[in-house]
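Descriptive structure summary
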Amino acid sequence: MRYQSLGRTGLNVSVAGLGCGGHSRLGTAYGKDLDHAASIVRLAVEHGVNYIDTAESYKTEPAVARALRDLDRDKLVLSTKAGLWTRDDVPMPTADEFIAKLDGSLRTLGVETIDVYHVHALAEHQIDYALSDILPALEHAKKQGKIRFLAVSEVFHHDPAHATLPALMRRTDAFDVFMVGLNALNFSARRAVLPMSRERGIGVEVMFAVRKALTDPAHLRETVAGLIASGQVDADQVDADDPLGFLVDDETPTVMDAGYRFCAHEPGCHTVLFGTGNPDHLRDNIASLNKPTLSADKLAQLATLFGRVDSVSGN
Ligand SMILES: NC(=O)c1ccc[n+]([C@@H]2O[C@H](COP(=O)([O-])OP(=O)(O)OC[C@H]3O[C@@H](n4cnc5c(N)ncnc54)[C@H](OP(=O)(O)O)[C@@H]3O)[C@@H](O)[C@H]2O)c1
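Here the residue index of a chain counts from 1 through its sequence in written order. Totals for whole chains, interfaces and linings use all residues, but because this is a predicted model, local features are given only for residues with pLDDT of at least 70 and pairs of side-chain atoms are given and counted only at 80 or more. Hydrogen atoms and water are omitted, and side-chain values are computed over all heavy atoms in the structure.

Let us look at the overall build of the chain. The numbering of helices and of strands both runs from the N terminus, where a helix is a DSSP run of H or I of at least 4 residues and a strand a run of E of at least 2. The helix and strand inventory of the chain stands at 12 helices and 10 strands. This radius of gyration counts C-alpha atoms alone. The globule rule is 2.2 Å times how many residues there are, raised to the power 0.38. Against the 2.2 N^0.38 benchmark of 20 Å for 315 residues, the chain shows a C-alpha radius of gyration of 19 Å, consistent with a compact globule. With the C-alpha coordinates of the chain rotated into their principal frame, the extents come out at 55 × 40 × 35 Å. The rule is simple: take the accessible area with a 1.4 Å probe, protein chains only, and divide by the maximum for that residue type; under 20% is buried, over 50% is exposed, in between is partly exposed. Across the 315 residues of the chain, 56% fall into the buried class. Expressed as a percentage of contacts within the chain between residues at least 6 apart in sequence, the contacts between residues at least 24 apart total 79%. For the accessible areas, the method is Shrake-Rupley and the probe is 1.4 Å, while residue cover comes only from the protein chains on display. Of the roughly 13100 Å² that the chain leaves accessible, carbon and sulfur atoms contribute 48%. A residue counts as positive if it is Lys or Arg and as negative if it is Asp or Glu; His and the chain ends are not included. For charged residues, the charge sits on one atom: NZ in Lys, CZ in Arg, CG in Asp, CD in Glu. Here the chain contributes 32 positive and 42 negative side-chain charges, whose respective centroids are spaced 4 Å apart. Here, two residues are considered to be in contact whenever any of their heavy atoms come within 4.5 Å of each other.

Here we take up the sheet that holds strand β4 (residues 51-53). One closed barrel accounts for eight strands, arranged β3-β4-β5-β6-β7-β8-β9-β10; its pairing is parallel. Ignoring strand direction, the axes of neighbouring strands in this sheet form an average angle of 25°. Think of each axis as a best-fit line through the C-alpha atoms, taken over the contacting stretch in the case of a helix, with angles from 0 to 180 degrees between the N-to-C directions. Here helix α4 (residues 127-143) sits on the sheet and contacts β6 (114-122) and β7 (147-154); the angle it forms with β7, its principal contact strand, is near 160°. By the convention used here, strands pair only if DSSP detects at least 2 bridges between them.

Residue alternation in strand β3 (residues 16-19) divides its side chains into two sets, Ala 16 and Leu 18 and Gly 17 and Gly 19, and both sets are buried. Two elements, β3 and strand β10 (residues 271-275), share four bridges in a ladder whose sense is parallel. Within β10, the position partnered with Ala 16 by the bridge is Val 272.

Near, as used in this document, describes a residue that has one of its heavy atoms within 4 Å of the molecule or strand being considered. The full set close to the ligand counts 29 residues, and Ser 24, Tyr 30, Asp 53, Arg 211 and Thr 276 are the nearest of them. Polar contact criterion, stated in full: a pair of N or O atoms within 3.5 Å, where within protein one must be able to donate a hydrogen and the other to accept it, and residues adjacent in sequence count only if both atoms are side-chain atoms. Within the backbone of Gly 19, an N or O atom sits 3.2 Å from an oxygen atom of the ligand. Counting only elements with at least two residues in the shell around the ligand, the list comes to β7, α10 (255-264), β10 and α11 (279-289). Split into classes, the residues belonging to the shell around the ligand amount to 11 nonpolar, 14 polar and four charged. Here the nonpolar group is Ala, Val, Leu, Ile, Met, Phe, Trp, Tyr, Cys and Pro; Asp, Glu, Lys and Arg are the charged ones; every other residue, Gly included, is treated as polar.

Moving on: the pattern of salt bridges. Any Lys or Arg side-chain nitrogen found within 4 Å of a carboxyl oxygen on Asp or Glu counts as a salt bridge. Applying the stated criterion across every chain yields a total of 19 salt bridges. As a salt-bridge pair, Arg 66 and Asp 35 come within 2.4 Å of each other at their nearest N and O atoms. With Arg 66 in helix α2 (residues 61-68) and Asp 35 in helix α1 (residues 34-46), this pair connects stretches of sequence that are 31 residues apart. For Arg 148, the salt bridge goes to Asp 115, with nearest N and O atoms at 3.2 Å. Here Arg 148, found in strand β7, pairs with Asp 115, found in strand β6; they are 33 residues apart in sequence, far enough to count as distant. The class of Asp 115 is buried, set by a relative accessible area of 2%. Salt bridges sharing partners connect three or more residues here, namely Arg 8, Lys 142, Asp 173, Asp 176 and Arg 200.

Every other side chain in a regular strand lies on the same face of the sheet, so the side chains alternate between the two faces. Strand β5 (residues 77-83) sits mainly inside the fold: seven of its seven residues count as buried. Residues Val 77, Ser 79, Lys 81 and Gly 83 of β5 are buried on one face, and the alternating residues Leu 78, Thr 80 and Ala 82, pointing to the opposite face, are buried as well. In terms of strand pairing, β4 meets β5 through three bridges, oriented parallel. Each residue of the ladder has a partner; that of Ile 52, found in β5, is Leu 78. When the strands point away from the viewer, a crossover counts as right-handed if the path from the first strand over the helix to the second runs clockwise. Handedness of the crossover joining β4 and β5 through α2 is recorded here as right-handed. Inspection of the sheet shows β5 paired to β6 by five bridges, in the parallel sense. Note that in β6 the partner of Gly 83 across the bridge is His 120. Remark: the β5/helix α3 (residues 95-109)/β6 crossover connection has right-handed handedness.

Shown next as structure tokens:
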């Protein structure tokens, strides 16, 4: 396993980070039980993963807690989150309610400190409130030792052009870690987020490296057809039937392999989250994330085909 510093946090993190949310939620999204979910966490750690990302809303904190019974907590970097989202008619959580969620995560995980605590899926219109009401409470919790580093995750499927994180960085440098959407179809973070986050030494976790567009060929075709229709991809340059087929060869057995390798070597990115409930996928993804990057020709072709894309997440 390759490890690197999560930006200025100095935390030494595995390039492969286990995501306990996404479409799989460690398999619980499709009927697997708590024991199975915990076994996925343990298997990841056995393979060298030390970064584990969960969230109050994923309902997988109990699985992480169960796995922790058999693991050395001090060797792991635990990341979790709580969001500000509500239904239209309900106000955003107060600072006290937000800290109650943090306390709930500490209790559920059975730990005294969360290493990386995120404001989950922050939207641009929530920045004012997050800074005026939630940030002071989080900084207090940090002083109390409940949190080591403050973080924010963006809402990539609603904010694929990354409006939120640059707007946040223009207002504050209080957050040490960002969770950023990046994949072989939409790598606009390279322009919109990473230059500023690198300059500041912000640690970056990649999400959406491989989502439905990279696991389901029909979904990929549909996504690329939409990009052609919107003018972000040139129809005469792309193979509409197999848009990423050029990535696959003897050294790159699948589009997923290519997708993870593409993200693992992006400058300014430190750990790439993969979500799975499948032990074989887990092993494959860790292997992919530890391989060299794609060939220069393939990277150049991706830039030619998808370099203007900033409107899809690949969800
Ligand atoms: N705003 C946010 O804060 C936010 C949003 C999204 C995600 N996240 C975090 O990021 C993590 C990763 O999420 P993600 O969006 O990248 O993806 P994801 O939805 O967790 O996972 C990728 C999907 O591809 C499948 N898959 C994984 N490896 C595969 C392989 N080798 N072959 C075939 N299928 C494979 C998985 O299903 P199987 O179970 O069948 O493998 C899963 O459905 C999440 O778990 C979560 O921790 C955060």
